[in-house]
Amino acid sequence: MSTRSYIAIEREDGHLDGIYCHSDGYLTHNGAILFDHYQDRDKVEKLISLGDMSYLQPNIEPDPAKEHSFDYEKRQDGVCVFYGRDRGETNVSARPITAETARQSWAEYLYVFGKDGVWYYTELYEDEPEWHTVEDGLVTEYDLLGFPRPENRYGFYSQDEIERLRRQNQNGFELD
């Protein structure tokens with residue numbers, strides 16, 4: 001089962017243009033990647049311009065000297081996987097999006113790169129979605145997990161990983 005999300009950019013008139021992302025939409029994956037690797041408006045525009053995606057990663061463009069496709073075994077590590085570019089689908093372009101239209105598509109998170117250059121998010125399963133900065137959300141999330149945010153680690157934490165990282169943090173070991 002996937003955690004669906006939308007990734008959007010706020011336009012000067014206040015409307016949002018966004019794309020669907022099928023996998024790993026939760027804060028410790030998509031939120032963290034967006035916060036760490038998509039702080040430049042031009043890079044966010046490039047991401048949005050490629051349309052709906054299966055999987056968000058730190059890099060948009062694959063190494064042209066290597067194979068990259070939608071097929072799992074042919075994906076380049078660290079490179080986004082798009083439905084149009086990497087699987088040849090059509091009708092996957094960015095479109096106007098609101099929290100309500102994102103919710104209707106069963107998405108759980110909506111990330112927005114604001115006009116102010118800050119990433120915001122809302123959890124769409126809340127009755128009344130509240131907006132938070134991704135930065136604040138990550139601080140809160142890792143406080144709840146009980147260990148500091150590891151560098152260059154994106155994804156879901158199993159209960160075993162959480163317990164191990166908490167022990168390392170309590171014992172003063174460097175987190176990996």
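Our subject is the structure that appears above.
Residues numbered from 1 in each chain as written. Predicted model: local features only at pLDDT ≥ 70, side-chain atom pairs only at ≥ 80, totals over all residues. Heavy atoms only, no water.

It is worth spelling out the overall build of the protein chain at this point. Tallying secondary structure elements over the protein chain gives 6 helices and 8 strands in all. When the helices and strands of the protein chain are read in sequence order from the N terminus, they spell out β-β-α-α-β-β-α-β-α-β-β-β-α-α. For 176 residues, the compact-globule estimate of 2.2 N^0.38 gives 16 Å, and the C-alpha radius of gyration of the protein chain, at 17 Å, lies within 12% of that figure. By its C-alpha atoms, the protein chain is 50 × 45 × 30 Å across when sized along the principal axes. Residues classed as buried in the protein chain amount to 46% of the 176 residues present. Residue pairs in contact within the protein chain that sit at least 24 positions apart in sequence constitute 50% of those at least 6 positions apart. Carbon and sulfur atoms make up 47% of the accessible area of the protein chain, which amounts to about 9700 Å² in all. The protein chain carries 18 positive and 36 negative side-chain charges, and their two centres are separated by 5 Å. (Helix = DSSP H or I, 4+ residues; strand = E, 2+ residues; numbered from the N terminus. Rg over C-alpha atoms; globule rule 2.2 N^0.38 Å. Buried < 20%, exposed > 50% of the residue type's maximum accessible area, 1.4 Å probe, protein only. Contact = heavy atoms within 4.5 Å. Areas by Shrake-Rupley, 256 points an atom, 1.4 Å probe, with all protein chains shown as cover. Lys, Arg positive; Asp, Glu negative; His and termini not counted. Charge placed at Lys NZ, Arg CZ, Asp CG, Glu CD.)

Moving on to the environment of Asp24. Its location among the elements puts Asp24 in the loop between β2 (16–21) and α1 (27–37). Once the C-alpha coordinates of Asp24 and Asp136 are considered, the two residues, 112 residues apart in sequence, prove to be 19 Å apart.

Before going further, it helps to spend a moment on helix α6 (residues 159–170). Helix length check: α6, at 12 residues, gives a terminal C-alpha distance of 16 Å against a target of 16 Å (1.5 Å per residue), a fit within 8%. Where α6 is buried, its residues meet α5 (134–145). (Expected span 1.5 Å × (residues − 1).)

A few words now on the packing of α1 against α5. Contact pair α1 / α5: the axes reach a minimum separation of 10 Å and the direction vectors enclose 140°. Between α1 and α5, the angle is such that the two are oblique. When you trace α1 past α5, the crossing you get is left-handed. Residues Leu27, Thr28, Gly31, Ala32 and Phe35 of α1 pack against Val134, Glu135, Gly137, Leu138, Glu141 and Tyr142 of α5. Per-class residue counts for the contact of α1 with α5 are 6 nonpolar, 3 polar and 2 charged. (Axes fitted to C-alpha atoms, helices over the stretch in contact; angles between N-to-C directions. Parallel < 35°, antiparallel > 145°, perpendicular 65-115°, else oblique. Left-handed = near helix turned anticlockwise from the far one by under 90°. Nonpolar A, V, L, I, M, F, W, Y, C, P; charged D, E, K, R; others polar.)

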